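As a plain string of letters, each chain reads:
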Amino acid sequence: MLFPSSPINLLDPATLETNRMGRLTPEQEAWLRTVSFGGSGFAAALPIIIVVPMLCFFGFIFLQDGFTDAWIILPFVGLFLTIVLWRTGPALFDGVQRALKLRSDRQSGIIRQSMGELAFGRDGYVAQSGERQLFLPFSEPGGLLPGVRYTFFHFEESGIVLSAEQLGTASTAAIRAGLNRILAAANNFSAEDLDANQRGEISPAQHSRLMRKLLAGLALAFIFTLVGAGVIFGASSADGFEAWPILIIFLAVFGVFAAIGIYTVINSVMDMNALPEVMEGRGSRHTERRSSGRSSRTVYFYDIGNLKFEVSYRAYKVLMEEFDYRVHYAPRTKTLLSIEVAEVPNFNW
């Protein structure tokens, strides 16, 4: 019952028996070393490690090329760094704290048992046991299904689940309902939104989401047009400025982003006046690396039928492959409005 996207099978009988006796398997020892090293905290710190040296480098270049009033942009640089720290700081702190707790758990070697169900957390799947959230390896389901009761074998301080045992018989209706709730939470839509899409309508809340996308496109076009004009003005006013090839490259990049903003605005306006379309098919997911200059980022996608939908990292984590899904989406921007389980696979429960 292990899904292809799950790196660890939490229901493996041999692993379960080993944990029941209070011991760890060699495989668990291996991936626990990776987690206790603080991988999540290091990943959260990567934006800080990359952005700060980059800003220092470009600041030095501008000072050398005649921008004697470069100190004027320092408040904007400070604001940018504050935003980076605000977005990455909590994840960095949580990752380090969890790694320290896990190290303590490994030293004590105590394995606890708790009953609960698969649930949706901040960054993916968790095991919900009463009021406490237990953490699954890599936030993946590990073969667990929503709507099914389990006994979880886990560490006490870090709350990391090592294995699980199914209690009773799984119900197809309960699995569908549980996964639909998780998909709705991860993709930020409500039961009312889904009902509207099933009637062939876009809900008021979804209209607001499309409006935010429109405003984001306007802001993107405005900011890059304004920055480009500011760079041209600053360069023409600077004495002895000779880095015109670099300036042309910067302006070309600004122009591309401004055009993307205008394109987004046009498509968002058309989507707000259109009816949602539907695609049904086997669900899978993939990532793509997109580069712009020297920087790159990971983009996350659902693959449903012959279409792909860009989603957030949280939404990417919760899609269970081998299920059939029904997606309601905006036709122009291919914005995912809602998603529901169309068919549950026939597992041998």
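Everything discussed here concerns the structure shown above.
As the structure is a prediction and not an experimental result, all values here were calculated from the model.

Draft legend 1. Fine view of the overall build of the chain. A tally of helices and strands in the chain yields nine helices and ten strands. Excluding contacts between residues fewer than 6 apart, the proportion of contacts in the chain whose partners are at least 24 apart in sequence is 67%. Put simply, the chain shows about 19,100 Å² of open surface, and 62% of that area lies on carbon and sulfur atoms.

Draft legend 2. Structural view of the sheet that holds strand S2 (residues 125-129). As summarised here, the arrangement of the five strands in space is S3-S2-S1-S4-S5, forming an open sheet in which the pairing is antiparallel. The sheet terminates laterally at strand S3 (132-135) and strand S5 (161-167), the two strands that pair on one side only. Averaged over all pairs of adjacent strands, the angle between their axes in this sheet comes to 45°, without regard to strand direction. When strand S1 (residues 111-120) meets S2, the two strands line up antiparallel, connected through four bridges. Residue pairing for S2: Ala-119 is matched across the bridge by Val-126.

Draft legend 3. Spotlight on the nonpolar core. One finds Leu-144, Leu-183, Tyr-302, Phe-323, Tyr-325 and Ile-339 to be the most contacted residues of the largest nonpolar core, which totals 53 residues. Element by element, the count of residues in this core is highest for helix H5 (residues 172-186), at six residues. Excluding its chain neighbours within four sequence positions, the residues that come into contact with Leu-183 are Phe-189, Tyr-302, Val-318, Leu-319, Tyr-325, Ile-339 and Val-341. Among the nonpolar cores identified, the runner-up in size contains five residues, and Ile-202, Leu-210, Ala-330 and Leu-337 belong to it.

Draft legend 4. Representation of the side chain of Asn-197 within the structure. Considering the arrangement of structural elements, one finds Asn-197 in helix H6 (residues 191-198). Setting aside residues no more than four positions away along its own chain, Asn-197 makes contact with Ile-202, Gln-206, Pro-276, His-328, Leu-337 and Ser-338.

Draft legend 5. Examining unusual backbone geometry more closely. One non-glycine residue with positive phi stands out, namely Glu-322, at about 80°. For Glu-322, the position within the fold is in the loop between helix H9 (313-318) and strand S9 (324-329). On the accessibility criterion, Glu-322 (34% relative accessible area) is partly exposed. Positive phi outside glycine occurs at Lys-334, with the angle close to 55°. Residue placement: Lys-334 occurs in the loop between S9 and strand S10 (336-343).

Definitions and limits used
Residues numbered from 1 in each chain as written. Predicted model: local features only at pLDDT ≥ 70, side-chain atom pairs only at ≥ 80, totals over all residues. Heavy atoms only, no water. Helix = DSSP H or I, 4+ residues; strand = E, 2+ residues; numbered from the N terminus. Contact = heavy atoms within 4.5 Å. Areas by Shrake-Rupley, 256 points an atom, 1.4 Å probe, with all protein chains shown as cover. Pairing = 2+ DSSP bridges. Axes fitted to C-alpha atoms, helices over the stretch in contact; angles between N-to-C directions. Core = buried A, V, L, I, M, F, W, Y, C linked by side-chain atoms within 4.5 Å. Buried < 20%, exposed > 50% of the residue type's maximum accessible area, 1.4 Å probe, protein only.

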